[in-house]
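Architecture at a glance
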Amino acid sequence: MSTEPDLETLPDLELPEQLPDDAEVDLTELPVFDVCLRFNGRPWQSLKVSAPSPEDVAVIMDNFAARINAILVQRRYPPGMCTWTHNACF
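The structure contained in this document is the topic of the report that follows. Numbering of residues starts from 1 in each chain and follows the order in which that chain's sequence is written. Side-chain atom pairs in this predicted model are given and counted only at pLDDT of 80 or more, local residue features only at pLDDT of at least 70, and totals for whole chains, interfaces and linings cover all residues. Only heavy atoms go into the side-chain values, all of them from the structure, while hydrogens and water stay out.

Below, the discussion takes up the overall build of the protein chain. What the protein chain contains, in helices and strands, is one helix and four strands. Secondary structure elements are taken from DSSP: a helix is a run of H or I of four residues or more, a strand is a run of E of two residues or more, and numbering for both begins at the N terminus. Reading the secondary structure of the protein chain in the N-to-C direction produces β-β-β-α-β. A principal-axis box enclosing the C-alpha atoms of the protein chain has dimensions of 50 × 25 × 20 Å. Buried residues in the protein chain amount to 32% of all 90 residues. Counting only contacts in the protein chain whose residues sit at least 6 apart along the sequence, the fraction spanning at least 24 positions is 63%. Within this scheme the basic residues Lys and Arg register as positive and the acidic residues Asp and Glu register as negative, but His and the chain ends are omitted. The location of each charge is read from NZ of Lys, CZ of Arg, CG of Asp or CD of Glu. A gap of 10 Å separates the mean positions of the 6 positive and 15 negative side-chain charges of the protein chain. The classification of residues rests on relative accessible area computed with a 1.4 Å probe and restricted to protein chains. Under 20% of the type maximum is buried, over 50% is exposed, and intermediate values are partly exposed. We call two residues in contact whenever any of their non-hydrogen atoms come within 4.5 Å of each other.

In this section: the environment of Arg38. Position of Arg38 among the secondary structure elements: in strand S2 (residues 32-39). For the pair Arg38 and Leu15, spaced 23 residues apart in the sequence, the C-alpha separation amounts to 12 Å. Filtering out sequence-adjacent residues up to four positions away, Arg38 remains in contact with Pro43, Trp44, Met81, Cys82, Thr83, Trp84 and Thr85. A polar side-chain atom of Arg38 sits 2.2 Å from the main-chain carbonyl oxygen of Gly41. Polar contacts, as counted here, are pairs of nitrogen or oxygen atoms within 3.5 Å of one another; within protein the pair requires one atom able to donate a hydrogen and one able to accept it, and residues that are adjacent in sequence qualify only if both atoms are side-chain atoms.

With that settled, consider the nonpolar core. For this analysis, a nonpolar core means a set of buried residues of the types Ala, Val, Leu, Ile, Met, Phe, Trp, Tyr and Cys, connected via side-chain atoms within 4.5 Å. Counting 20 residues, the largest nonpolar core has Leu37, Trp44, Met61, Phe64, Ile68 and Leu72 as the members making the most contacts within it. Listing elements by their share of this core, those giving two or more residues are S2, strand S3 (42-50), helix H1 (54-74) and strand S4 (82-86). Looking at this core element by element, the count peaks at six residues for H1. Once residues within four sequence positions are removed from consideration, Phe64 is found in contact with Leu15, Pro16, Leu19, Leu37 and Leu47.

The geometry of two aromatic rings is summed up by the distance between their centres and the angle between their planes. We call Phe, Tyr and Trp rings a pair once their centres come within 6.5 Å, taking the six-membered ring for Trp, and we label the pair stacked below 30 degrees between planes, edge-to-face above 60, and tilted otherwise. Evaluation of the coordinates by the stated rule reveals two aromatic pairs. Between Phe39 and Trp44, the ring centres sit 5.7 Å apart and the planes meet at 70 degrees, which makes this aromatic pair edge-to-face. The same class applies to Phe39 and to Trp44, which are both buried. Consider the rings of Phe39 and Tyr77, whose centres lie 5.6 Å apart with planes at 90 degrees: the pair is edge-to-face.

Purely geometric numbers; function is a separate question.
Right, dumping it as structure tokens:
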């Protein structure tokens, strides 16, 4: 059995469908943007991000991708496997 992760199979992580996922944040007045979380350059999961602007979405997603990458590195994946793009995954 290999100790190296399979880079062709999506990691088994429970991901939220919307960000921020903090229940204490009032998201009702914010626009919602679609983004695509990617793994190893391939679509992984579409997410909805509530934020005042596309620039704020970029900050939220950069931070989220960094958190996911930290988890993946702990699981022996190469750094930077998780990225994101604007618009839902296709």
